[in-house]
Amino acid sequence: MATKNTSERFDTVDWDEIAANAPDGNGTSTRAYLAALGLLAVLFVYDLVVASGEATFAAVGVSYDVPLFHWVLAFSLLSFAFLGLLPLVRNRGHASANFAGIVVATGAMLAVIIYDGIYLANAVPTFSAIGWNYDVTGLDYLFGFSLLVFAFYAALPLYQNPRMTSYYWSEFRKNRPAMVSLVFLAFIFGVGIVGPLFINYPEAEFFRKYQPPVFATVSMNFVLECVGQQANGVCHGTWDYPLGTTNQGRDILTMIIYGMQISAKIAFVTTLIAIGVGTAVGTISAYAGGLVDEVLMRYVDIMQSFPTLILYLLILYIFGADLTLFILLLGFFSWSGTARYVRSNALAKSQEEYIKAVQLSGASLYRIIRRHIIPNTASSIVTDLTLLIPAFLLAEAQLAFLGLGDSEIASWGVLISVGRNDLSFAPWITLAPGIVLFFTILAFAFIGDAALDALDPEAQAEAES
Amino acid sequence: MTERPLLSVRNLKKHYPITQGILSRQVGAARAVDGISFDIAEGETLGLVGESGCGKSTAATSIIRLEEPTSGEVIFNGRDSAAVSADATNDVTKFDDAQLKAFRRDAQMIFQDPSSSLDPRMTVGSSVAELLEVHGMSDKQRRRDIVQNLLEDVGLSASDYDRYPHEFSGGQKQRIALARALVLNPDLIVADEPVSALDVSIRAEILSLINDLQEKYGLSMLFISHDMSVVQDVCDRVAVMYLGEIVEIGDTEEIFTNPQHPYTEALLSAVPRPDPRRKRQDIELKGIVPSPTNPPSGCRFHTRCHRVIQPDEWDLEQSEWRSLLNFRDGVVEESLDVETTREMLRTGPADEDVDVADARLRAELREEYDLPETLSDQQAERTLSESLDHLVEGEYGEAQELLAEAFVTPCEQEEPAYADHGGGHRSKCLLTNDQASLQSAPSLKND
């Protein structure tokens, strides 16, 4: 073995030694994971079907009924241990920063969840111990996890490959509307994520209802108490309520900021689910081919013809409107288009010679998909994203407008529907969130266009020719 | 050189099933590679030449098991694998996953198109280093050192490690591809037309680089090409493929000076020769390679062979015999469309003299197949005229019957066996079946 690494050459590598030192294959751990998952699933089904009326382990004399939270937690911990911790420990020293980062961060989050759910038993706000009165909900954890994924697998890679990033950036920057859109969206999501942590949800102040936005006016007939100037029976807006108030006297600007967080949650969580499942199904389908491909794609056909709206209405009547349910439903029923899109792209890519070359290197199927197929279909995934997210946001707004949304939350759709009856004299209640929604969706359209050009120069060349 | 060749391919077949219907019922097979056998000794370069579509690339991917061969054996006696255990199989086609992964260290491949053989989203360094990583080298810095050294070996600089494929020229990319093929220190490299996508000016550089590296590291090589002049430069031995079969194999020198198969002869006649005094024997192969789904009977080359054998009953000039067979095939396979030709010839009004029109049609049909006005053999001429009469009258069946019965070559009835010409030079042609040299064969009377 060469002692000085800089002089080591490929023809002096002792492969037998490397083979002897190489870690064992992860086949056994994958099998253990699948077995554990299977056991969990069997128990869960048993709980639902057989022991539906009584405690889960009543048959063995333990009167412990597993709540849904514990099921989810067990599944999360299992996945974390086998997919995160175990590979990280096995490859210690060689694991990528992305993987190590997400495993550590997810571990920290899981610890908080366990603290919150089991130690505090959801009785007091999560961070009350440090004097911060913010209670984290289940959806917040999901949101947090999707933000982690975004940070470690979208933002960090851009930082790690500065040359690639600067190339994309210079391409992207050529599109001015897209730049404006990017700033706008960064603002929307930034304020949306941070704002609600520090700004309290606006109180209903009945006497201050229908305050007009600053520089606007409303007839005193509709206002009980005008905060700003009154003249000639008209109430002027003030900076106290820059965008006016609702029929309950809530500040619209603050509500829009809360709405931003809900939009961000919908955008991140739903997309994470849709893209995750869609990419997995699409690449597996493309790469496995044959019967697997056939079964998966026919399932996609079934899902695309499945009336998600009716399922949502059904769930709405059984469990009541709930944003978490809505997001999960949307995520798990909207990956079919992505799967098909990714599959066709991956099929095209898998015929390339570099994929053959990687196959020839002896790389595993997982590696080929993870390291070569997915990065090379990333441009189409990103463009697909910019179409998916606006569709999700609009879907939520539409359902909320129809009164089918979660009326407890301050989403833009809910706010729009609140102002519906007062359109004649207080249009700002509907207009303000409507305009923000409109520009958000427009921004995604511009960004999608620019991203396609920047990430996939070939597509641009084709479009121009 | 050991007595055992590094690679022995025995009767390798790769058939692509052609399926139909919902149940994917197999209705046939494209026999892309149909029973090829050859050996490659340690340090030797074997050229595999042939037209596009003859199965060269399929042979390569089947040997290296990028595709599963249908049948046959690929015996690989690598430097390492021979030592591993005597009882384990050394037949590549029967390797299990672990053996196959070990085999990947011993045999690598270079692809034709350098622009698509490197992942555009990876730096070229990590593309090369990935092979080391896949085979268990987990030390990142060590991988980087090895690859940087190797990049310098193939004529690039160590700093190119962090650049992306689109920043390189085609020739540079092919150097990187070469580095990737070399990085695991293999015994065998399969090069699938490694220079045919490159500029002529760069070809020589890459070829000499391949030659240098091969000598330095004692590599064996399967070099696939359709370019005879490249093969002449690079290869120690040459195998000529036609329609899934090897028709001739032998030492390069021997093949180039003394070809023993008409197909090789035709390929060689296309090589430009720098000597203007040497008369070039220009052999033009007409038509395309027949479909491998339904290869011709007997000798597969008989449909295009310029030396196709005349039975004793005829005494035609060779070119006439070739044209006559083409004409026969045209009629029998109904690719000859008399009515269209008639329509094309009809320039004047429709009430033209029928006899004159028919005569013109006959002349046109002869011309289409390069048949002279009268054949040199009178008996043959009579049969031909008769069949033309039938055709002009629209009696296809009669014409087909007549031609198929009268003009038959032994080449389509009998499959030739390999004839040995000494020194490992073998060819598969009826003319050389009795070890006679092709050049002295009586068939080529006049050209």
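Residues numbered from 1 in each chain as written. Chains lettered and ligands numbered in written order. Predicted model: local features only at pLDDT ≥ 70, side-chain atom pairs only at ≥ 80, totals over all residues. Heavy atoms only, no water.

As named in an unreviewed UniProt entry, chain B is ABC transporter ATP-binding protein, taken from Halomarina rubra. The Sequence similarities (unreviewed entry) comment attached to chain B in UniProt states, word for word, "Belongs to the ABC transporter superfamily." (UniProt positions renumbered as here; feature names shortened; annotations may be inferred.)

An unreviewed UniProt entry lists chain A under the name ABC transporter permease, from Halomarina rubra. Turning to chain A, the UniProt record has this under Subcellular location (unreviewed entry): "Cell membrane". Word for word, the UniProt comment on chain A under Sequence similarities (unreviewed entry) is "Belongs to the binding-protein-dependent transport system permease family."

S.K.: It is not clear to me how the sheet that holds strand S2 (residues 230-231) of chain A should be interpreted in this structure. Could you clarify?
M.R.: Strands belonging to one sheet form pairs held by backbone hydrogen bonds; the direction of such a pair is parallel or antiparallel. All names here are of chain A. Taken in spatial order, the three strands make up an open sheet running S1-S3-S2, and their pairing is antiparallel. In this open sheet, the two strands that pair with only one neighbour each are strand S1 (217-219) and S2. Both S2 and strand S3 (residues 234-236) contribute to a ladder of two bridges, which runs antiparallel. Within S3, the position partnered with Gln230 by the bridge is Cys235. (Pairing = 2+ DSSP bridges. Helix = DSSP H or I, 4+ residues; strand = E, 2+ residues; numbered from the N terminus.)

S.K.: Can you help me understand the UniProt feature "transmembrane region" (unreviewed entry) in chain A in this one?
M.R.: Those places that UniProt annotates as "transmembrane region" (unreviewed entry) correspond, in this numbering, to residues 32-49, 69-89, 101-121, 141-159, 180-199, 266-288, 309-333 and 425-447 of chain A. Taken end to end, residues 101-121 of chain A is 90% helix and 0% strand, and its two terminal C-alpha atoms sit 28 Å from one another.

S.K.: Help me understand the packing of aromatic side chains in this model?
M.R.: Here a ring pair, both rings aromatic, is described through the centre-centre distance and the interplanar angle of the planes. Inspection of every chain in the model, using the stated rule, returns 24 aromatic pairs over all chains. With 5.5 Å between their ring centres and 75° between their planes, B:Phe327 and B:Tyr369 make a pair best called edge-to-face. In this pair, B:Phe327 sits in helix H11 (residues 318-332) while B:Tyr369 sits in the loop between helix H13 (354-368) and helix H14 (378-393), placing the two residues 42 residues apart along the sequence. When its relative accessible area of 0% is taken as the criterion, B:Phe327 is described as buried. Members of the aromatic cluster, each reached through a chain of ring pairs, are A:Phe143, A:Phe150, A:Phe189, A:Phe268 and A:Phe444. The lysine or arginine in question, A:Arg420, covers the ring of A:Phe401, its NZ or CZ lying 5.1 Å from the ring centre. (Phe/Tyr/Trp six-rings, centres within 6.5 Å; stacked < 30°, edge-to-face > 60°. Buried < 20%, exposed > 50% of the residue type's maximum accessible area, 1.4 Å probe, protein only. Lys NZ or Arg CZ within 6 Å of the ring centre and 35° of its normal.)

S.K.: Any chance you could explain the interface of chain B and chain A here in plain terms?
M.R.: Where interface size is given, it is often the accessible area lost as the parts come together that is meant. Residue-level contacts link 44 residues of chain B with 35 residues of chain A. For the pair chain B and chain A, the summed buried surface comes to about 3,700 Å²; carbon and sulfur atoms form 53% of the total. Where chain B touches chain A, the interface holds five salt bridges. With a closest N to O distance of 2.5 Å, A:Arg163 and B:Glu167 form a salt bridge. Linking chain B with chain A are 16 residue pairs in polar contact (both at pLDDT 80 or more). Residue assignment for the side of chain B that touches chain A shows that the elements contributing at least two residues are helix H3 (97-106), strand S5 (107-110), helix H4 (124-134), helix H5 (140-153), helix H6 (170-182) and helix H7 (200-217) of chain B. (Contact = heavy atoms within 4.5 Å. Buried area = accessible area lost by both parts, 1.4 Å probe. Salt bridge = Lys/Arg side-chain N within 4 Å of Asp/Glu carboxyl O. Polar contact = N/O pair within 3.5 Å; in protein donor to acceptor, adjacent residues only side chain to side chain.)

S.K.: Explain the UniProt feature "domain: ABC transmembrane type-1" (unreviewed entry) in chain A here, please?
M.R.: Annotation from UniProt places "domain: ABC transmembrane type-1" (unreviewed entry) at residues 260-448 of chain A. As annotated, residues 260-448 of chain A has a helix share of 82% and a strand share of 0%, and its two end C-alpha atoms lie 20 Å apart.

S.K.: Can you walk me through the sheet that holds strand S2 (residues 25-40) of chain B in this structure?
M.R.: All names here are of chain B. The three strands are arranged S2-S1-S4 in an open sheet whose pairing can be described as antiparallel. The open sheet has two edge strands with one neighbour each: S2 and strand S4 (71-76). Neighbour-to-neighbour, the strand axes of this sheet turn through a mean angle of 25°, independent of strand direction. Relative to S2, strand S1 (residues 7-20) runs antiparallel, the two being bridged by twelve bridges. (Axes fitted to C-alpha atoms, helices over the stretch in contact; angles between N-to-C directions.)

S.K.: Could you clarify how one ought to interpret the domain arrangement of chain A in this entry?
M.R.: All names here are of chain A. For chain A, the assigned domains read domain 1 (22-167) and domain 2 (251-464). On a C-alpha basis, the centroid separation for the pair domain 1 and domain 2 is 23 Å. Counting residues at the interface gives twelve residues for domain 1, matched by 13 residues for domain 2. Across the domain 1/domain 2 interface, buried area totals approximately 1,000 Å², and carbon plus sulfur atoms make up 79% of it. Our count for the domain 1 to domain 2 interface comes out at one salt bridge. Notably, a salt bridge pairs Lys265 with Asp140, separated by 2.8 Å at the nearest N-O pair. Applying the counting criterion to the domain 1 and domain 2 interface returns one residue pair in polar contact (both at pLDDT 80 or more). Counting residues per element, the side of domain 1 that touches domain 2 draws most heavily on helix H5 (residues 138-160), which supplies ten residues. Residue composition of the side of domain 1 that touches domain 2, grouped by class: ten nonpolar, one polar and one charged. (Domains from an automatic or database assignment. Nonpolar A, V, L, I, M, F, W, Y, C, P; charged D, E, K, R; others polar.)

S.K.: Would you mind showing me how to read the packing of H14(B) against helix H15 (residues 396-406) of chain B here?
M.R.: How two helices pack is summed up by the angle between their axes together with the distance between the axes. All names here are of chain B. At a minimum axis separation of 7 Å, H14 and H15 run at an interaxial angle of 160°. What the angle tells us is that H14 and H15 run roughly antiparallel. For the crossing formed where H14 meets H15, the hand is left-handed. Along the contact surface, H14 presents Thr383, Glu386, Ser387, His390 and Leu391, while H15 presents Tyr396, Glu398, Ala399, Leu402, Leu403 and Ala406. Among the residues making up the contact of H14 with H15, the classes are represented as six nonpolar, three polar and two charged. (Parallel < 35°, antiparallel > 145°, perpendicular 65-115°, else oblique. Left-handed = near helix turned anticlockwise from the far one by under 90°.)

S.K.: Looking at this structure, how should I read a negative patch on the surface?
M.R.: Taken together, the side chains of B:Glu393, B:Glu395, B:Glu398, B:Glu401 and B:Glu405 make up a negatively charged region of the molecular surface. Tracing the sequence through the fold places B:Glu405 in helix H15. (Patch = residues over 30% accessible without salt bridge, like charges linked within 9 Å, V, L, I, M, F, W, Y side chains within 5 Å. Areas by Shrake-Rupley, 256 points an atom, 1.4 Å probe, with all protein chains shown as cover. Lys, Arg positive; Asp, Glu negative; His and termini not counted. Charge placed at Lys NZ, Arg CZ, Asp CG, Glu CD.)

S.K.: What am I meant to see in unusual backbone geometry here?
M.R.: Glycine aside, residues mostly have negative phi angles, and peptide bonds mostly take the trans form. Residue and element names in this part refer to chain B. Look at Glu193: it is not a glycine, yet its phi comes out positive at around 45°. Examined against the element boundaries, Glu193 turns out to sit in the loop between strand S6 (188-192) and H7. We note that Asp370 has phi near 60°; this positive angle belongs to a residue other than glycine.

S.K.: In this structure, what is going on with the environment of A:Ile318? I would like to understand it.
M.R.: All names here are of chain A. Mapped onto the elements, Ile318 comes out in helix H10 (residues 308-319). Note on Ile318: relative accessible area 58%, which makes it exposed. Residues Ile318 and Cys235, 83 residues apart in the sequence, show an inter-C-alpha distance of 45 Å.

S.K.: Would you mind showing me how to read the nonpolar core here?
M.R.: As a rule of thumb, soluble globular proteins bury nonpolar side chains together. Residues and elements named next belong to chain B. Grouped together as the largest cluster of nonpolar side chains are 93 residues, with contacts concentrated most on Val183, Phe327, Leu391 and Phe407. Residue-level mapping places this core at the junction of two domains, with at least three residues from each of domain 1 (7-19 + 28-235) and domain 2 (318-408). Sequence-distant contacts of Phe327, defined by excluding residues within four places in its chain, comprise Leu336, Tyr369, Leu371, Leu384, Ser387, Leu388, Leu391 and Leu403. (Core = buried A, V, L, I, M, F, W, Y, C linked by side-chain atoms within 4.5 Å.)

S.K.: When you look at H10(A) in this model, what are you seeing that I'm missing?
M.R.: Think of an α-helix as 3.6 residues a turn; residues three or four steps apart then line up on the same face. Residue and element names in this part refer to chain A. With twelve residues, H10 extends 16 Å between its outermost C-alpha atoms, agreeing within 8% with the 16 Å of an ideal straight helix rising 1.5 Å per residue. Residues Leu311, Tyr312, Ile315 and Leu316 constitute the buried set of H10. All buried residues of H10 fall inside an arc of 145° around its axis, so they share one side. Relative to its buried face, H10 has exposed residues pointing more than 90 degrees away, namely Ile310, Leu314, Tyr317 and Ile318. Elements that come into contact with the buried residues of H10 comprise helix H11 (323-332) and helix H14 (365-401). (Expected span 1.5 Å × (residues − 1). Arc of directions from axis to C-beta.)

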